[in-house]
Structure formats: structure tokens, C-alpha cells
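Notes for the structure review
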Amino acid sequence: MTDMVIMPGSHYQAICDAVRAKTGDTAKLKSGDLAAAIAGIAGGGASSEDALIARTLTSYTNSTVEEIGSYAFYNYKTLVSVNFPNVKKFTGSNNFQACERLETINFPKLESAGGGNAFRQCIALKRAVFPRMCYAGISIDGCKSLEFVDMGSEVAIEEIKGVFGNFQNDEKLVTIILRYPKMIPLPNVSRLSGTPIESGTGYIYVPSSLIVDYMEATNWVTFSQQFRAIEDYPEITGGAV
């Protein structure tokens, strides 16, 4: 049996493009990488779909869907990481609630997730970054490991809407970065109860031009001493964008 297969370059390119479309990865693939890349695909093929339905997947990537519905991954006990590069909206509620092993999430285009309990009780989640989140009402409460939240680095001012989300009882949450060029209303102070921000050891980083607005705004005034300028703490925030 020969250990060499010859095929047109266009065919090889098509295979690589198909693999990347499934994984969401953009890196170039060498021939020796293909087997591992194909084996790692978690969004297609009968075995992956069977595992998804059986709720035994530890990681899942889907680069085609743009919405995630109510209870789609609710109480999914084995899930550790999810990658949805094109999802723009969570419809309904409880989308990832109680995914107790979920550590890594990737939603670079997510803009709306205001239905409630989206990531509630995801107790292993440490970081949540939503560059396009223009509806701030996302629920990431009861996440006992959550330390860092960063929202709005790619959002234009005309897209901003909604109110601040729910981070209640996120007992390790020391950093929230709100990059919106407009103040986001806080419906009530309970949205941050049980957090280091409430107790005075966590901070909310906002554009320097909005510091005074936040410190004096209704409900936000309760946390007036916890505001910091994004521009003054680049080692934490990465600076202004």
C-alpha cells in the first residue's frame, strides 16, 4: 500500500476550507494536521450530533447558526466550552443556565440576550467577553467563579439599548468593563448584590467621559466609589478601543 496520495491542489484547498467552516478556525492546515482537525469537529457528523442529543459533549462549535433559543443548552452537565462565531441573539431565556462545567464561551457577534437567566448558575465560568453586546440586559448571575466581564468594544453609539444586566451573587466578580460611549441605566441595585463591587473590592470600568454621569446617576450612585476610567487602567482593561 502506498503512503502517498496525489490530488489537485484545488481539491486539498476545498477539504481544508470545509474543515475550517466546521471548526470556526482560520489557521492554515498542513496535511498532517487534517486528521486531528477533523476528529475535533464538534458540530457535524452523526457521532457529534448523537453526542449533542445525548448531552455528553464537552465542547461544541457551530459557525452557521445566528440565534440560540430558550433552554437550548439548559442544565448541560458535561459541556466545558462553546464556540458560536456567528450567533447574534439569544431568544427566550435559560439558554445556558446551569451548565455547571462551562468554562469557555465565544460569542464575538452576540448583540442581544435579554430574555433572562442566559448563563445563570454557570459556576465554572471565569471570563465573559461580548464585543458586540449592545443589549446590556444579559443575566450571568449565580456564577460563583466569574471574575471578569467585558462588553461593548465594537458597539457603535446608535446601537446601544436596554439596561444593565444581572450579576447577582457572582461572589468573585471584581471587574466589569462597560465600553459603551453612552451610560447604561441600572434598574436596581440588587443587580450587583452579593458581588465584590457591592462590598467595595470590585470595580466597574467605563469611558473617562462618563465617569461623572455614572457616579451621579439614579441607582448607580450607590456604587459611585467603585467606578474607574478604562483609560487609566490599561493593564486591566486593555485600554480604550
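To keep things clear, this report deals only with the structure shown in the data block. Position numbers for residues count from 1 along each chain, tracking the sequence in the order it is written. Only residues with pLDDT of at least 70 are given local features in this predicted model, and only at 80 or more are side-chain atom pairs given and counted; all residues enter the totals for whole chains, interfaces and linings. The basis for every side-chain value is the complete set of non-hydrogen atoms in the structure, without hydrogens or water.

Turning our attention to the sheet that holds strand S10 (residues 227-229). Sheets are built from strands paired through backbone hydrogen bonds, the pairs being either parallel or antiparallel. In spatial order, the strands read S6-S7-S8-S9-S10; together these five strands make up an open sheet with parallel pairing. Each having just a single partner strand, strand S6 (127-130) and S10 make up the two edges of the open sheet. Strand after strand, the sheet turns through a mean of 15° between neighbouring axes, direction not considered. Inspection of the sheet shows strand S8 (residues 175-178) paired to strand S9 (residues 203-206) by three bridges, in the parallel sense. Within the sheet, the bridge partner assigned to Ile176 lies in S9 and is Ile204. When DSSP finds at least two bridges between two strands, those strands are taken to pair. The helix and strand labels rest on DSSP assignments: H or I over at least four residues marks a helix, E over at least two residues marks a strand, and numbering proceeds from the N terminus. Think of each axis as a best-fit line through the C-alpha atoms, taken over the contacting stretch in the case of a helix, with angles from 0 to 180 degrees between the N-to-C directions.

Now for the pattern of salt bridges. For this document, the term salt bridge refers to a Lys or Arg side-chain nitrogen within 4 Å of an Asp or Glu carboxyl oxygen. In this structure the tally under the stated criterion is five salt bridges. Among the ionic pairs, Arg132 bridges to Glu111, the shortest N-O distance being 3.3 Å. Taken as a pair, Arg132 in the loop between S6 and strand S7 (148-151) and Glu111 in the loop between strand S5 (104-106) and S6 lie far apart in primary sequence, 21 residues in all. Buried residues are those whose accessible area, probed at 1.4 Å on protein chains only, stays under 20% of the maximum for their type, while exposed residues exceed 50% and partly exposed ones sit between those limits. Assessed through its relative accessible area of 25%, Glu111 is described here as partly exposed. For the salt bridge of Asp150 with Arg179, the shortest nitrogen-to-oxygen distance reads 2.8 Å. With Asp150 in strand S7 and Arg179 in the loop between S8 and helix H4 (196-199), this pair connects stretches of sequence that are 29 residues apart. For Arg179, a relative accessible area of 10% puts it in the buried group.

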